[in-house]
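# Observations on the model geometry
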Amino acid sequence: MEDAKQLEAFEAKIASGQKIEPKDWMPEAYRKQLVRMMSQHAHSEIVGMLPEGNWITRAPNLRRKAILLAKVQDEAGHGLYLYSATETLGVDRAELLAQLHTGKAKYSSIFNYPTLTWADIGAIGWLVDGAAIMNQTALARGSYGPYCRAMIRICKEESFHNRQGYEIMMSLAQGTPEQKALAQDALNRWWWPAIMMLGPSDDQSPNSDQLMRWKVKMESNDAIRQRFIDRTVPQADFIGLTIPDKDMKFDEKTGHYTHGPINWDEFFDVIKGNGPCNAKRLKARVDADKKGAWVREAASAYAAKQAKEKQVA
Ligand code: 3HC
């Protein structure tokens, strides 16, 4: 039974802006919410390596290839920080990965869309990393210490990812008519999924109330989506691309852009596993896990041998 006094002290600590650390008392619901959200986030980082990894061998020149390689490696690093941060809550990484591999765990809807052309790499950096940063700079101000600290580091790297994506789009938009058309086509295909990746609208977001009360989430899904739109539409205008939303307009009274209806049926279908690449993404992760088993076994055997030798010495 949770102690009312402990709960009160926990909530007072959060209200005063202090961080909760792994050994502090926390309600079981807080721990569970964090494990759910942080593990989904970790899975998103490593599944997110797949659509971009697809273009490493086909990057248009050495500079672009080196940048993309570094970016995909950064995403692997983000996955590692986040799995480690999740382990501070007493859950085993192998258990989390088993949930991913058996299709029980969620990861971001956005990574279930295909990367059909080089311009998609620009669109991912600009829009997907742009939306991710919008969300994660808010999460960095949250209440759970290990998650917030991971977010600070991750956001610094994501800012670079975001700029490199916009720079790819800018170069294409200033190129030949065919290159500009590639950039516009990528924007047309990634815009709506990027808007959706920030989560369902607030009236369909069952976790938001509890997460915001405990300052895990600092802002609602719709508030972050609006900020992302307000920042991104002028960026599209600046490079001469058109947001694929005929209802998008700037409202002088509110100072915000208003957008057309979002196809939430598509979103819920993708998170149920029916997106264009869900099966492919899951298979790639399961295969990678199987292929890497011997490396993990060898590393464990070596660590055990080292520990034994240390004991004898
Ligand atoms: N994809 C898949 N599932 C999603 C989703 C998305 N884009 N958005 C929401 N969902 C799921 C939720 O997980 C929840 O399912 P569950 O209760 O079964 O776990 C359900 O839909 C209802 O949504 P809620 O709004 O109630 O969920 P949350 O309050 O957790 O908000 C969130 C969703 C805003 C994504 C929040 O979980 C969050 O901020 N997570 C951490 C950040 C994150 O995971 N980002 C993913 C992208 S990371 C990335 O892009 C990598 C980078 O390198 C680019």
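Structure shown above.
### Some details on the nonpolar core
Among soluble globular proteins, nonpolar side chains are generally buried collectively. Ranked by internal contacts, the top residues of the largest apolar core, which has 81 residues, are Tyr30, Leu127, Tyr144, Met169, Trp190, Trp191 and Phe228. Broken down by element, this core gets its largest block of residues, twelve residues, from helix α6 (residues 119-139). Those residues within four positions of Met169 in sequence are excluded, and the remaining contacts are Ala119, Gly122, Ala123, Trp126, Ala183, Ala186, Leu187, Ile239 and Leu241.

### A short note on the site of the ligand
Neighbouring the ligand are 32 residues, the closest being Gln40, Glu75, Lys106, Ser205 and Lys217. One of the backbone nitrogen or oxygen atoms of Met197 is found 3.0 Å away from a nitrogen atom of the ligand. Between the ligand and Asn207, the relevant distance is 2.9 Å, taken from an oxygen atom to a side-chain nitrogen or oxygen of the residue. In isolation the ligand has 1,000 Å² of accessible area, and contact with the protein removes 90% of it. Contributing elements (two or more residues each) for the shell around the ligand: α2 (28-47), α6, α7 (145-173), α9 (208-213) and α11 (264-274). Residue composition of the shell around the ligand, grouped by class: 13 nonpolar, twelve polar and seven charged.

### Quick word on the packing of helix α8 (residues 177-196) against helix α10 (residues 221-238)
Relative orientation of the contacting elements α8 and α10 amounts to 150 degrees, with a least axis distance of 10 Å. Comparing their axes, α10 and α8 come out roughly antiparallel. Contact with α8, carried on its side by Trp191, Ala194, Ile195 and Met196, involves Arg225, Phe228, Ile229, Thr232 and Val233 of α10 and no other residues of that element.

### Overview of the environment of Gly130
Along the chain, Gly130 falls in helix α6. A relative accessible area of 0% means that Gly130 is categorised as buried. Setting aside residues up to four positions removed in sequence, Gly130 forms contacts with Gly125, Asn162, Phe228 and Arg231.

### Overview of unusual backbone geometry
With a phi angle near 50 degrees, Lys215 is a residue other than glycine that sits in the positive phi range. Checked against the element boundaries, Lys215 lands in the loop between α9 and α10.

### As for the side chain of Lys217
Mapped onto the elements, Lys217 comes out in the loop between α9 and α10. One buried charged residue, Lys217, forms no salt bridge at all, with the nearest opposite charge on Asp202 at 6.7 Å. Within the structure, Lys217 has its side chain in polar contact with the side chain of Ser208 (distance 2.9 Å).

### A few points about the side chain of His78
Structurally, His78 is set in helix α4 (residues 62-87). At 3.3 Å, the side chain of His78 forms a polar contact with the side chain of Glu158. Setting aside chain neighbours within four positions, we find His78 in contact with Glu45, Ile154, Glu157, Glu158 and His161.

### Brief notes about helix α12 (residues 278-291)
In this model α12 runs 20 Å from its N-terminal to its C-terminal C-alpha over 14 residues, within 8% of the 20 Å that 1.5 Å per residue would give. Contacts from the buried residues of α12 go to α2, α3 (49-53), α5 (93-101) and α11.

Procedures and definitions
- All residue numbers refer to positions counted from 1 along the written sequence of the respective chain.
- For this predicted model, a pLDDT threshold of at least 70 governs which residues receive local features, and a threshold of 80 or more governs which side-chain atom pairs are given and counted, while totals over whole chains, interfaces and linings are taken from all residues.
- Note that the side-chain values use all heavy atoms of the structure and ignore hydrogens as well as water.
- For our purposes a nonpolar core is just a set of buried Ala, Val, Leu, Ile, Met, Phe, Trp, Tyr and Cys residues, chained together by side-chain atoms within 4.5 Å.
- Categorising residues by exposure relies on relative accessible area from a 1.4 Å probe, with only protein chains included: less than 20% of the type maximum marks a residue as buried, more than 50% marks it as exposed, and the intermediate range marks it as partly exposed.
- For the purposes of this entry, the term helix denotes a DSSP run of H or I that reaches at least four residues, the term strand denotes a run of E that reaches at least two, and both are numbered from the N terminus.
- Note on contacts: a residue pair qualifies if any of its non-hydrogen atoms lie within 4.5 Å across the two residues.
- Any residue with a heavy atom positioned within 4 Å of a molecule or strand is treated as near that molecule or strand.
- N or O atoms closer than or at 3.5 Å make up a polar contact, with two conditions inside protein: a donor-capable atom paired with an acceptor-capable one, and, for residues adjacent in sequence, both atoms drawn from side chains.
- Surface accessibility follows the Shrake-Rupley procedure with a 1.4 Å probe radius. Residue values consider only the protein chains on display as shielding.
- Just so you know the grouping, Ala, Val, Leu, Ile, Met, Phe, Trp, Tyr, Cys and Pro go in nonpolar, Asp, Glu, Lys and Arg go in charged, and all remaining residues, Gly too, go in polar.
- In this analysis, axes come from line fits to C-alpha atoms, helices being fitted only over the stretch in contact, and the angle between any two N-to-C directions falls in the range 0 to 180 degrees.
- We call two directions roughly parallel when the angle between them is under 35 degrees, roughly antiparallel when it is over 145, roughly perpendicular when it lies between 65 and 115, and oblique otherwise.
- Here the positive residues are Lys and Arg and the negative ones are Asp and Glu; neither His nor the chain ends is included.
- Definition used for salt bridges: Asp or Glu carboxyl oxygen within 4 Å of a side-chain nitrogen of Lys or Arg.
- To estimate how far a helix should reach, multiply one less than its number of residues by 1.5 Å.

Everything listed is a geometric property; what it means functionally is a separate question.
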